[in-house]
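Geometric and topological summary
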Protein chains: 2
Amino acid sequence: MATIKEVAAKTGLSPTTVSRVINNHPYVDPKKRKLVMTAMEELGYVPNSSARRLRGQRTNTIAVIISRIVNPFFGHLVDAMEKIAAERGYQLILCDSRLEKDREMQHLELLKTKQVDGIILASLQNRWKDIEPYTRYGPIISCNEYDSAADMPMIVCDQEYGGYIGTKHLIDRGHEKIAYAGGTDRIELTRDRFSGFKRAMAEAGLTVNEDYLFPSFYGIEDGKNIFHRMYAMENRPTAIFAGGDEVAAGVIQEAKRFHCRVPDDLAVVGFDNQPLADLIDPGITTIDQPMKLMGTRAMEMMVDMIRHNRDVTYKKELLPLQLIVREST
Amino acid sequence: MATIKEVAAKTGLSPTTVSRVINNHPYVDPKKRKLVMTAMEELGYVPNSSARRLRGQRTNTIAVIISRIVNPFFGHLVDAMEKIAAERGYQLILCDSRLEKDREMQHLELLKTKQVDGIILASLQNRWKDIEPYTRYGPIISCNEYDSAADMPMIVCDQEYGGYIGTKHLIDRGHEKIAYAGGTDRIELTRDRFSGFKRAMAEAGLTVNEDYLFPSFYGIEDGKNIFHRMYAMENRPTAIFAGGDEVAAGVIQEAKRFHCRVPDDLAVVGFDNQPLADLIDPGITTIDQPMKLMGTRAMEMMVDMIRHNRDVTYKKELLPLQLIVREST
DNA sequence: CTGAAAGCGCTTACAG
DNA sequence: CTGAAAGCGCTTACAG
């Protein structure tokens, strides 16, 4: 591979001047500029990124940490991010934590070892106290998941509201025995969503049945399992609010297989509004999360933070969430 | 950030020795090794990747070029790749060509500018003659899409066979007026699949109706459009072989909306065997593509090629394809 | 408008 | 087992 030195030698100019041409500096004699250009062309010269990185202390690379790329929700999120990153001249490193704390921590090391200029956390497996130390190495923002204790910019949807409107919708449809499969655990996002569920229940004077609460699951298979657990109950719920459309789809599919009619015997609300929600039969009533907007906004913010080097500060940005009614309720 | 020099200063040793400790070289006095280790710990030292890259001429990064990350097919492929890459200590750069030749070419530049050690092409927008020049900068392999004229390792499925068994299945079900939406154009993969379609038709003594051929489309919306174009025909086909499950899903959804019964009025065969195929109603008869196997094998091969620096050579590897029969036929 | 020199932070022969 | 020195390929003050 040709280096800047060889280009300099070929043109009889200094490496400095060649570098200036490469970087479009002003104050280069137009003739010499042209000379350098053709020499680069002839030698097939291309700047070595590693050298530029070392010298310039930036990588033009951003890592995005997700927890499961096969989840279409993340697919759409990453798609939007990749688009903005490409426009702005950044590479995207895809980091899949697979819901494991350790993998997430390892990915955070990328910032420390200067392999990326910034990190977008679209999933959050660790607590803020473990993530915080990394912020001194570069910008970290979260998108989708969040942690109120965290001092970092966040692009989030109003999950409490989402939990509320989904539940309220079921209540309005006359349901009282409502199961909840969004998870109630350590993750703030799911906790907030659960708060919304509880608020709607309380407002309607309904009590939350502990047996109807299922931990946070992710895929179709989980949905199937949840259906069977409900089906085995003596006192079955008449409706379920699932943590994602895939889970909802699993519930619906299995319900149909066991001749449990949706929505008559079991109403189902999903979350995300993935394409899937509109495709299966009956269509899934769900909460629309603006995945594209989230991804776009997060990447724009990240690039801005990298370029302006901490001069810009962002806070929590709240994005809208809305109920999409289909045939499953 | 602490550097190797600072660690050296703190321990009274040379940077060379510190480097040896970092890289687990033998022949370092155990006591000194320990000394260095604690000094690194105390300083929060971490090696700078850019420097290592420049010095070592490798990046431990691999790019994968896909054409549409929101397609679950690519989601699963990338998922399998990421897993192997992480195990082997490589980062994955996600490159989305969005079906555009230019974007793909830009992504190939990553190899030239030493930003990645190798590239996996899971999508192929350009011709081999345009890609070939990049092979001198590092290993390039294809996975999924392919080009027989190309002199690169390829992990491919037997598309001709896939086209054949899908079509044969429809013929066995008694169909004669069979539409084909897999594309017939410049891409070899789709051309081969189309060959399989034609072979099955020919064997059964059926003629291919030009009006029933639709260019290669990708998403649900495309499926809906195709349905309407068929629906508007005087002499409608009774079956369609779609290029992907998403397209098939779009066809089916719209068919149901217009009271066209599947499979009675219109039988539908998809491709890929995505989770979706099993979820919608009726389930989609489809051709299973071993996405996980493809991704795993491709990444293993890539890492092997990078590590053994062209000493290893691979050829085309053919992976099995099989018909999954569900209710849509 | 141009160039010599220093340095980004490592690793690797080489010599001991 | 250890260290001094060179060099990976750039860019950026600095001086002219």
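Keep in mind it's a predicted model, so treat the numbers as computed, not measured.

**Notes on the layout of surface pockets**
Estimates place the volume of the largest pocket at around 1300 Å³. Residue lining of the largest pocket: 43 residues in total, with A:Pro47, A:Asn48, A:Ser49, A:Arg52 and B:Thr113 positioned closest to the centre. For the lining of the largest pocket, the secondary-structure elements that each account for two or more residues are helix H2 (15–22), helix H4 (49–56), helix H5 (72–88) and strand E2 (91–96) of chain A together with strand E2 (91–96) and helix H6 (101–112) of chain B. Class assignment of the residues belonging to the lining of the largest pocket gives a composition of 17 nonpolar, 16 polar and ten charged.

**Here we look at the sheet that holds strand E6 (residues 178–181) of chain B**
Residues and elements named next belong to chain B. Spatially, the three strands line up as an open sheet ordered E6-E7-E8, and their pairing is parallel. Here the strands that pair on one side only, and so sit at the sheet edges, are E6 and strand E8 (267–269). Strand after strand, the sheet turns through a mean of 15° between neighbouring axes, direction not considered. Bridge analysis of E6 against strand E7 (residues 239–242) gives four bridges, and the strand direction is parallel. Across the sheet, residue Tyr 180 finds its bridge partner in E7, namely Phe 241.

**Looking at the sheet that holds strand E7 (residues 239–242) of chain A**
Residues and elements named next belong to chain A. With parallel pairing, three strands are arranged side by side in an open sheet as E6-E7-E8. Bordering the open sheet on either side are strand E6 (178–181) and strand E8 (267–269), each of which pairs with just one other strand. Strand-to-strand twist in this sheet, taken as the mean axis angle between neighbours without regard to direction, amounts to 15°. Where helix H8 (residues 159–172) meets the sheet, its contacts fall on E6, E7 and E8, and the angle it forms with E7 comes to roughly 165°.

**Describing the pattern of salt bridges**
Residue and element names in this part refer to chain A. Within the structure shown, the criterion is met by 38 salt bridges over all chains. In this structure, Glu 221 and Lys 224 form a salt bridge, with 3.6 Å as the shortest nitrogen-oxygen distance. With Glu 221 and Lys 224 both in helix H10 (residues 220–231) and three residues apart, the pair spans about one turn of that helix. Of the residues examined, Lys 224 reaches a relative accessible area of 15% and is grouped as buried.

**Looking at H6(B)**
All names here are of chain B. The end-to-end C-alpha distance of H6 is 17 Å, a good match for the 16 Å that twelve residues give at a rise of 1.5 Å each. Within H6, the full set of buried residues consists of Glu 104, His 107, Leu 108, Leu 110, Leu 111 and Lys 112. Positive backbone phi, at 60°, marks Lys 114, one or two positions downstream of H6.

**Considering the interface of chain B and chain A**
Accessible area lost upon the coming together of the parts serves often as the stated size of an interface. In this assembly, 47 residues from chain B lie in contact with 47 residues from chain A. Summing the contributions of chain B and of chain A, the shared interface buries around 4300 Å²; its carbon and sulfur component is 57%. One can count six salt bridges joining chain B with chain A. The closest approach of N and O atoms between A:Arg98 and B:Asp79, which form a salt bridge, is 3.0 Å. There are 16 residue pairs in polar contact (both at pLDDT 80 or more) connecting chain B and chain A. Elements supplying a minimum of two residues to the side of chain B that touches chain A: helix H4 (49–56), helix H5 (72–88), E2, H6, helix H10 (220–231), helix H11 (245–257) and helix H12 (275–279) of chain B. No other element matches H5(B), which puts seven residues into the side of chain B that touches chain A. Per-class residue counts for the side of chain B that touches chain A are 21 nonpolar, twelve polar and 14 charged.

**What to know about the packing of aromatic side chains**
Residues and elements named next belong to chain A. Inspection of the entire model under this criterion finds 20 aromatic pairs over all chains. Seen from their ring centres, Tyr 180 and Phe 241 are 5.8 Å apart, and the 90° between their planes marks the pair as edge-to-face. Placement of the pair is Tyr 180 in strand E6 and Phe 241 in strand E7, with a sequence separation of 61 residues. Put simply, the rings of Tyr 180, Phe 194, Phe 197, Phe 241 and Phe 271 pair up and form one aromatic cluster. When the ring centre of Tyr 164 is taken as origin, the NZ or CZ atom of Arg 199, which lies over that ring, is 3.9 Å away.

**Some words on empty space enclosed by the protein**
Considering all chains together, one arrives at two cavities of 30 Å³ or more under this definition. Estimates place the volume of the largest cavity at around 360 Å³. Contributing to the lining of the largest cavity are 24 residues, with B:Asn71, B:Leu189, B:Arg193, B:Tyr218 and B:Gly243 lying nearest its centre. For the lining of the largest cavity, the elements supplying multiple residues, two or more each, are H5, helix H9 (188–203) and H11 of chain B. When its residues are assigned to classes, the lining of the largest cavity shows eight nonpolar, eleven polar and five charged. Viewed by domain, the lining of the largest cavity spans two of them, domain 2 (59–157 + 291–321) and domain 3 (159–288) of chain B, each represented by three or more residues. Each pocket or cavity is described by its volume, and for the second largest cavity that value is around 50 Å³. Elements supplying a minimum of two residues to the lining of the second largest cavity: H5 of chain A together with H5 of chain B. By residue class, the composition of the lining of the second largest cavity is six nonpolar, four polar and no charged.

**Side note on the environment of A:Ile171**
With respect to the helices and strands, the residue A:Ile171 is situated in helix H8. Separated by 35 residues in the primary sequence, A:Ile171 and A:Leu206 place their C-alpha atoms 9.3 Å from one another.

**Side note on the domain arrangement of chain A**
In terms of domains, chain A is made up of domain 1 (4–47), domain 2 (59–157 + 291–321) and domain 3 (159–288). Each of domain 1 of chain A and domain 3 of chain A has a C-alpha centre, and the two are 63 Å apart.

**Details of the relation of the copies chain B and chain A**
Taken as rigid bodies, chain B and chain A are interconverted by a rotation of 180° and an axial shift of 0.0 Å, the fit giving an RMSD of 0.1 Å. On this basis, the relationship between the two copies can be described by a two-fold rotation axis. Comparing interface residues between copies, 100% of those in chain B also lie at the interface in chain A; the contact surface is shared.

**A look at the UniProt feature "domain: HTH lacI-type" (unreviewed entry) in chain A**
The positions UniProt marks with the feature "domain: HTH lacI-type" (unreviewed entry) are residues 2–56 of chain A. Here residues 2–56 of chain A runs as 69% helix and 0% strand, with 20 Å between its end C-alpha atoms.

**Notes on the packing of helix H1 (residues 4–11) of chain A against H2(A)**
Residue and element names in this part refer to chain A. Running from amino to carboxyl end, H1 crosses H2 at an angle of 110°, the nearest separation of the two axes being 8 Å. By the angle class used here, H1 and H2 are roughly perpendicular. From H1, Ile 4, Val 7 and Ala 8 reach across to H2, where they touch Pro 15, Val 18, Ser 19 and Ile 22. When its residues are assigned to classes, the contact of H1 with H2 shows six nonpolar, one polar and no charged.

**Concerning the environment of A:Gln57**
You can see A:Gln57 is positioned in the loop between H4 and strand E1 (61–66). Accessibility expressed as a relative area gives 55% for A:Gln57, which makes it exposed. Each C-alpha atom of the pair A:Gln57 and A:Ile287 lies 42 Å from the other, and the pair is 230 residues apart in sequence. A:Gln57 has contacts with A:Arg52 and B:Asn48, leaving out every residue within four places of it along the chain.

Criteria and cut-off values
Every chain's residues receive numbers from 1 upward, in the order its sequence appears when written. Going through the entries in the order they are written, you letter the chains from A and number the ligands from 1. Where local features are concerned, this predicted model is filtered to residues with pLDDT of at least 70; where side-chain atom pairs are given and counted, the filter is 80 or more; whole-chain, interface and lining totals use all residues. Side-chain numbers come from the whole structure's heavy atoms, not from hydrogens or water. Buried and open spaces are told apart on a 1 Å grid over the protein atoms alone, a cavity being a set of points where a 1.4 Å probe fits but cannot get out and a pocket being an open set with protein on both sides within 12 Å along at least five of seven lines. Residues with an atom within 4 Å of a point are the lining residues. Grid points are joined across faces, edges and corners, and a volume is the space filled by probe spheres set on the points. By definition, any uninterrupted DSSP run of H or I lasting at least four residues is a helix, any uninterrupted run of E lasting at least two residues is a strand, and each is numbered from the N terminus. Polar here means any residue other than Ala, Val, Leu, Ile, Met, Phe, Trp, Tyr, Cys and Pro, which are nonpolar, and Asp, Glu, Lys and Arg, which are charged; Gly is therefore polar. For two strands to be treated as a pair, DSSP must find at least two bridges joining them. Here an axis means a line fitted to C-alpha atoms, over the contact stretch when the element is a helix, while the angle between two N-to-C directions is reported on a 0 to 180 degree scale. Residue contacts are defined here by distance: any two heavy atoms, one from each residue, within 4.5 Å place the two residues in contact. Salt bridge, as applied in this entry: a Lys or Arg side-chain nitrogen positioned within 4 Å of an Asp or Glu carboxyl oxygen. Buried, partly exposed and exposed residues are distinguished by accessible area as a fraction of the type maximum, computed with a 1.4 Å probe on protein chains only: under 20%, between the cut-offs, and over 50%, respectively. Multiply 1.5 Å by the residue count of a helix minus one, and that product is the helix's expected span. Here's the idea: put two parts together, see how much 1.4 Å probe accessible area each one loses, and the total over both is what we call buried area. Any N or O atom pair separated by 3.5 Å or less is treated as a polar contact, with the protein-specific requirement of one donor-capable and one acceptor-capable atom, and with residues adjacent in sequence counted only for side-chain atom pairs. Between the rings of Phe, Tyr and Trp (Trp by its six-membered ring), a pair exists once the centres lie within 6.5 Å; its type follows the angle of the planes, with under 30 degrees stacked, over 60 edge-to-face, and the other angles tilted. Counting as a charge over the ring demands two things of the Lys NZ or Arg CZ atom: a distance within 6 Å of the ring centre and an angle within 35 degrees of the ring normal. In this entry, domain limits derive from an automatic or database-based domain assignment. What sets the superposition is a least-squares fit of C-alpha atoms, and only residues with pLDDT of at least 70 in both copies go into it. UniProt positions are given in the numbering used here, feature names are shortened, and annotations may be inferred rather than shown by experiment. By definition in this entry, angles of less than 35 degrees are roughly parallel, angles greater than 145 are roughly antiparallel, angles of 65 to 115 are roughly perpendicular, and the rest are oblique.

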